[in-house]
Amino acid sequence: MAIAQWRRFNFFTKEVVESNASGKTFDMIKDKNFQCCTCGRGFLIFGDDNGYIHMVDHNFQVNSCQAYRISVQHLVQVVEYNVLAAVGTDEAGVNPVIKIYNLDKKDKSGELFCCRLQPAIPNNEPSEVSAFSVSGNLTMMAAGFAQGSIVLYKGDVMKDRHGNKVIVLETKQKGPITGLGFQYSDHTNLFATTHTQVLCYSAWEKHPTVKLLEDQGCPMFCTTMSGDVMDNQFLMAASDVVYAYHPDTRGTCYAFDGDKVLARWYHGYLVLVYKDKTRGGSSIKALRSPAEKNMLTIYDVSQKIIAYSHALLGVKDVLYEWGSLYVLTAENVLVCLQEIDIHSKLELLFKKNHYSLAVSMARNQNLGHDSLMEIYTQYGDHLYSKGDFDDAISQYQKTIGHLEPSYVIRKFLDAQRITNLTSYLQALHERGQANEDHTTLLLNCFTKLKDTENLDKFLSEDTNLKFDVETAIKVCRQAAYYKQALKLAECHKKHAWYLKIQIENLKHYGEALAYIRQLPYREATESVKKYGKLLLKQVPRDTTELLKHFCKGYKPTNQPFGYDEYGDGDESTHANGEEYIHIFVNNSEMLIEFLQHVVNLDHKSSGFVYNTLLELYLSKIAESSDAEIKRTVEDQALDLLKEISSLDYDTDQALVLCQMHCFRPGILFLYESTQLYQQILRYHMDHEAYGLVVETCRRHGSKDSSLWQQALTFFAQQEDSRCNEHIKQVLAHIDRNNLLPPLLVIQILSRNSTVTLEVVRDYILKRLEKEQEEIDQHQNNIKECEEETVKMKAQIEELNTSATIFQVNKCSLCNHKLELPSVHFLCKHSFHQHCFDSYSDSDKECPVCAPENRKILEAVREQEQALLNNQNMYDQFCKRIQHTNEGFSVIAEYFGKGVFNKVGHAPEAKVLTRAVMQSKSSLGSRERVASNPVKHAGGNPFGHAGVNPFEHASSNPFGHADDNPFERAGSNPFESIASNPFHSSPQTDGNPFESSESSNANPFEGPSLVDELRMMTQSNRS
């Protein structure tokens, strides 16, 4: 590469080092004749021809010590271990000696500590050392001699051990070794140069081999080792070019014309010193001849720039320490070349518009991501201002993630730059930095450019681009790229967008429905709810079938195992048919089919489903003109009503629907199923269906007897002679079942002027006959009671006045022969003593008669408790009726509590009387037949006298007439004579119990049965 192609800059400032500090400074040793120098570990180290080593610190204070007696010829600072290697002479003649100093230690006199001393005489042939090098890991060092040989020292450099090896390497050259250098890769190699050759030795081998790399050499001090920037290559500066070498071949070369007198590598920079004119040979004892002017040039090899170039008088050597280059001139003057900071460099590059170089320099200097992005931005702005939009957008693409995209987008919104904007937006998506607006803009760019290929590539499912899918679909849809939008929606499972495009834009209803059939249950149901009405309008049959599948058990059609149309679906995929009824708002035929399917699948569907289906049936009946269709639908509606009734649903709405549509069979069925018999009767009455009125009473009169009264009242209100026959039928049933009092029947029929005596004659005659039979029966009962009373009194008298003879010879329990001791009761039952003790619960009761006695006592107690409760409620009733303004409400409340119910004393008294008469002989004392005389013991089964249910002759729960709230003027509905059905009876006041016979005919007058029972229990044992 020609040097003319390298751009020149001035990245260093020159300053002569002057020390104003006290003490021994560098100025005090300027008069020394320096033979060599090195640097590292914070020191500049010089060796003079008197054998002294001078160490200069950063304050340019000098610490000198004598290392050799005669002179110091070479110095090498091993920076990693703070070790100084020196070559010099202690004796006159050619006797070079290598000394290794550990700078971390001092000897007893406070001088540098020499840890190894090694004579340097190759093959016992004295020769001056022309080149010297030490490996950075202190495992090897090499000395090149003027007679052309090299001595390689292997082993620990700091220790003189017997294991260390000394190997002499011959170059077959008569000239001096001009340069040495160790290179580390997989193995350690030693580079060596002469005036005519470049050699490489495999120093790591036991017997190193040599490889000739170049048939061209270099003068003294013109070799150096590069740093990591050039992979630690060996550099040789020839007269016209600088070569870089690897262990096996030559690498890069740089065409730097001019005779070089010095080559150094420091901190990524190659420092070359040129001479202005040809000079003669120089002695190797000194650095260089001090009388010539040199051109010092600093190259940045990685950036291909000349960082500094300046002419200096007599350059001896160049050192690098404390971040600066120090040039030692012929007059022992130190010139400091201070590198300017990176920001100053960048400003200088920006002024000259060298942005690419600024980027490369910032990257090599690890300046940081933010600074690098700022350079890219300025570079892009520069190119944009020049009109180079393609390169500008390339630079802006590098700023993605740092520079706000809107900054770039605004620059390229012009239609002429849409291509550049498209490439930037693509890069923005590739790096995942795009948002919805960027996606929208990019897709708009594609559509405006008609770039279908890139659009398809951008939207393809194989791409790893990160963008908002919904935004892309939306833009493609707006630009009418429906194919791309559908593909994108399908690939990314954006079901809603896919269906929206198919249905709203393309009108492909069948494809949309087929796509829904492939969706999972949740998405499918949501899609149908959204587009169901439109799909039902366009493809009614297929849509209805899909809804049926939802209710039956849905499975997507794209499942690998297929969809079983008649199989049982998963419970989680069963839809509620009620949710889809609104979809059929304009298609009643499909709705009927759908609801029939729902009801058939689940007979316990909601009432709303049944009522909707019923309403559809009724509407169809009203709209249809075909009689056959009407009959079919009526049957379906009636069957549906029967199913509703069987499910115990609320039938109110169904009844309302039937009434609204005048569906007579449904109305009557619902009335009957809900036991609204009076409503059925009223329905027939309203329609004047006289025959159906009677038929209704016959069918349901046993369940509701008031129907006959309502029917009678209805016919009585009809001024139509055709009703007479129906009245006769009603009266016959009323008479047969004794449903109404005759007077009430007469009052009802008296309101109809068309009803003649002939109509009611049979009824009245039958009632009179029946009442006469009842009177006769009552008289017979009275007579029987009188006779039984006489007998009871006679028995009681007999028990009280005469002895009882027991003639039973068998035990009533075990049925064995009766033996003493024994127990006898007045009821004629006798027992063994041990049998009685085993079976009897009480000493005073017959075990055989005890169960019947307990029943009697329980009945008496219940009656007494009922009388007591009625009396208490009556007292409360009287108090409330006196202190309230709503007397009717109070009366109704106590009617419900049964205060006004009659306690049938007379019939119960008759039953109890007979029971007592049958068991009277079981009451009283018992007889124990033992060694003692017979004793009588009383045994009243009632316990006390107060349990007699017959003590009160009246059956009125209010106690006496004064307490009866109905005994007020006008309050008794039966007060008039006409109300008494027995008014025409021959007996006085119609009372069958009042006759000319004596008062003893009344079984309830005379001594109380309880009193007589007490008398029985007080008799003595026989």
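This report concerns the structure included in the present document.

### Things to note about the sheet that holds strand β22 (residues 250-254)
Part 1 of the reasoning: The strand order across the open sheet formed by four strands is β19-β20-β21-β22, and the pairing between neighbours is antiparallel. Each of the sheet's edge strands pairs with one partner strand only, and the pair in question is β19 (223-225) and β22. Averaged over all neighbouring strand pairs, the angle between strand axes comes to 20 degrees, with direction disregarded.
Part 2 of the reasoning: Of the pairings in the sheet, the one linking strand β21 (residues 242-245) to β22 comprises three bridges and is antiparallel in character. Bridging from a neighbouring strand, V242 pairs with Y254 of β22.

### Thoughts on the pairing of strand β13 (residues 149-154)
One face of the sheet, then the other: side chains in a regular strand alternate in exactly this way.
Part 1 of the reasoning: Across the six residues of β13, six count as buried, placing the element largely inside the fold.
Part 2 of the reasoning: Residue alternation in β13 divides its side chains into two sets, S149, V151 and Y153 and I150, L152 and K154, and both sets are buried.
Part 3 of the reasoning: Sheet topology note: the strand β12 (residues 140-145)/β13 ladder contains five bridges and is antiparallel. Bridging from a neighbouring strand, A143 pairs with V151 of β13.

### Re the nonpolar core
Part 1 of the reasoning: Ranked by size, the top nonpolar core spans 172 residues in total, and within it F26, F46, L296, I298, V318, L712 and F715 carry the most contacts.
Part 2 of the reasoning: If you tally residues by element for this core, the top one is helix α16 (residues 607-623), at eight residues.
Part 3 of the reasoning: Those residues in contact with L712 that sit more than four places away from it in its chain are I727, V730, L731, I734, L740, V745, I748 and L749.
Part 4 of the reasoning: Counting residues in hydrophobic clusters, the runner-up holds 28 residues, among them V198, C200, V242 and Y274.

### Some words on unusual backbone geometry
Part 1 of the reasoning: Look at the link from L820 to P821: it is a cis peptide, with omega at -5 degrees.
Part 2 of the reasoning: Tracing the backbone shows P821 in the loop between α25 (757-801) and β30 (822-825).
Part 3 of the reasoning: Residue N123 is not a glycine yet carries a positive backbone phi of 55 degrees.
Part 4 of the reasoning: Secondary-structure assignment places N123 in the loop between β10 (112-119) and β11 (129-134).
Part 5 of the reasoning: Of note, L138 is a non-glycine position whose phi angle comes to about 60 degrees, a positive value.
Part 6 of the reasoning: Structurally, the position occupied by L138 is in the loop between β11 and β12.
Part 7 of the reasoning: Judged by relative accessible area, which is 6%, L138 ranks as buried.

### Some details on helix α3 (residues 369-386)
Part 1 of the reasoning: A rise of 1.5 Å per residue sets the reference length of α3, with its 18 residues, at 26 Å; its end C-alpha atoms lie 26 Å apart and thus fit the reference within 8%.
Part 2 of the reasoning: All buried positions along α3 are accounted for by L372, M373, I375, Y376, T377, Y379, G380, H382, L383 and Y384.
Part 3 of the reasoning: Residues of α3 that are buried make contact with α1 (342-351), α2 (355-364), α4 (389-398) and α5 (405-411).
Part 4 of the reasoning: G387, located one to two residues past α3, shows a positive phi value of around 90 degrees.

Rules and cut-offs
Residues numbered from 1 in each chain as written. Predicted model: local features only at pLDDT ≥ 70, side-chain atom pairs only at ≥ 80, totals over all residues. Heavy atoms only, no water. Pairing = 2+ DSSP bridges. Helix = DSSP H or I, 4+ residues; strand = E, 2+ residues; numbered from the N terminus. Axes fitted to C-alpha atoms, helices over the stretch in contact; angles between N-to-C directions. Buried < 20%, exposed > 50% of the residue type's maximum accessible area, 1.4 Å probe, protein only. Core = buried A, V, L, I, M, F, W, Y, C linked by side-chain atoms within 4.5 Å. Contact = heavy atoms within 4.5 Å. Expected span 1.5 Å × (residues − 1).

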